[in-house]
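# Observations on the model geometry
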Amino acid sequence: MATNRTFTMIKPDAVENGHIGAILAKINTAGFKIVAMKLTQLSKRDAEIFYGEHSERPFFGELVEFMTRGPIVSAILEKENAVEDFRTLIGATNPAEAAEGTIRKMYATSIGENAVHGSDSDANAAKEGAFHFSGRETF
Ligand code: ATP
Ligand code: MG
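We now turn to the structure provided with this report. (Residues numbered from 1 in each chain as written. Chains lettered and ligands numbered in written order. Predicted model: local features only at pLDDT ≥ 70, side-chain atom pairs only at ≥ 80, totals over all residues. Heavy atoms only, no water.)

## As for the overall build of the protein chain
Counting its secondary structure elements, the protein chain contains seven helices and four strands. Relative to the 2.2 N^0.38 estimate, which gives 14 Å for 139 residues, the radius of gyration of the protein chain is 14 Å and therefore close to what a compact globule would have. Every one of the 139 residues in the protein chain was classed for burial, and the buried ones make up 43%. If you take every contact in the protein chain between residues at least 6 apart in sequence, the share linking residues at least 24 apart comes to 76%. (Helix = DSSP H or I, 4+ residues; strand = E, 2+ residues; numbered from the N terminus. Rg over C-alpha atoms; globule rule 2.2 N^0.38 Å. Buried < 20%, exposed > 50% of the residue type's maximum accessible area, 1.4 Å probe, protein only. Contact = heavy atoms within 4.5 Å.)

## Let's talk about the site of ligand 1
Around ligand 1, the structure places 14 residues, and the nearest of them are K11, Y51, T93, G112 and N114. A distance of 2.8 Å separates an oxygen atom of ligand 1 from a polar atom in the side chain of K11. In the model, an oxygen atom of ligand 1 is placed 2.9 Å from a nitrogen or oxygen of the H117 side chain. Protein chains shield 82% of the accessible area of ligand 1, which is 580 Å² for the free molecule. Looking at the shell around ligand 1, the elements that each hand over two or more residues are α4 (60-67) and β4 (116-118). Class assignment for the residues of the shell around ligand 1 results in four nonpolar, six polar and four charged. (Near = heavy atom within 4 Å. Polar contact = N/O pair within 3.5 Å; in protein donor to acceptor, adjacent residues only side chain to side chain. Areas by Shrake-Rupley, 256 points an atom, 1.4 Å probe, with all protein chains shown as cover. Nonpolar A, V, L, I, M, F, W, Y, C, P; charged D, E, K, R; others polar.)

## So, the sheet that holds strand β2 (residues 33-40)
One open sheet holds the four strands; their spatial order is β2-β3-β1-β4, and the pairing between them is antiparallel. Two strands in the sheet have a free side with no partner beyond their single neighbour: β2 and β4. Between one strand axis and the next, the sheet turns through 15 degrees on average, direction left out of account. The sheet contact formed by strand β1 (residues 5-10) and strand β3 (residues 72-78) spans six bridges and is antiparallel. Note that in β3 the partner of T8 across the bridge is A75. Strands β1, β2, β3 and β4 of the sheet are contacted by helix α2 (residues 20-29), whose axis makes an angle of about 165 degrees with β2. (Pairing = 2+ DSSP bridges. Axes fitted to C-alpha atoms, helices over the stretch in contact; angles between N-to-C directions.)

## A look at the pattern of salt bridges
Tallied over the entire structure, the rule returns six salt bridges. Here R69 makes a salt bridge to E16, at a shortest N to O gap of 2.7 Å. Here R69 is found in the loop between α4 and β3, whereas its partner E16 is found in helix α1 (residues 12-16), with 53 residues between them in sequence. Salt bridges sharing common partners tie together E16, R69 and E113. (Salt bridge = Lys/Arg side-chain N within 4 Å of Asp/Glu carboxyl O.)

## Brief notes about the nonpolar core
Within the largest apolar cluster, 19 residues are counted, with the highest numbers of intra-cluster contacts made by I10, I23, I27, F32, F86 and I103. Counting only elements with at least two residues in this core, the list comes to α1, α2, β3, α5 (82-90) and α6 (103-107). Ranked by residue count, the leading element in this core is α5, at four residues. Discounting chain neighbours no more than four positions away, the residues touching I23 are I10, A14, I103, Y107 and V116. (Core = buried A, V, L, I, M, F, W, Y, C linked by side-chain atoms within 4.5 Å.)

Put into structure tokens, the structure is as follows:
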């Protein structure tokens, strides 16, 4: 069954650059309800597990270094068609290719430091949400 939830992180670059509030406002305006949220920091092991599917890619070391260098905001979001609609809201991985008005177009600086994460499938949304939040932190 398709879920109506997705998982997101506001990445260290966007937190450092003071964009938490603006990004959350865009998420709310787009109709997503926040059902779990926290300010936290990934350990090296957390980031290696979370982005494990990319472990053979040449940018993996850089990705882990980036994702662990400061706090992130992690959240579970609810909306009909959440996974696909959130990917549309954030835009392409590379901000240079992201559509006008998307979060990455507005707040990302490069393909590596791209401001936000969005789950790419319902199965990954459930897995990633459970990696970050316990049942009692999810509403
Ligand atoms: P995310 O999973 O963070 O939402 P995505 O699904 O758009 O991003 P992925 O292909 O899953 O893109 O890549 C995961 C992350 O790895 C990217 O968001 C980016 O931070 C980093 N990354 C991807 N490609 C590159 C690259 N060519 N050079 C540097 N970093 C990259
Ligand atoms: Mg991805």
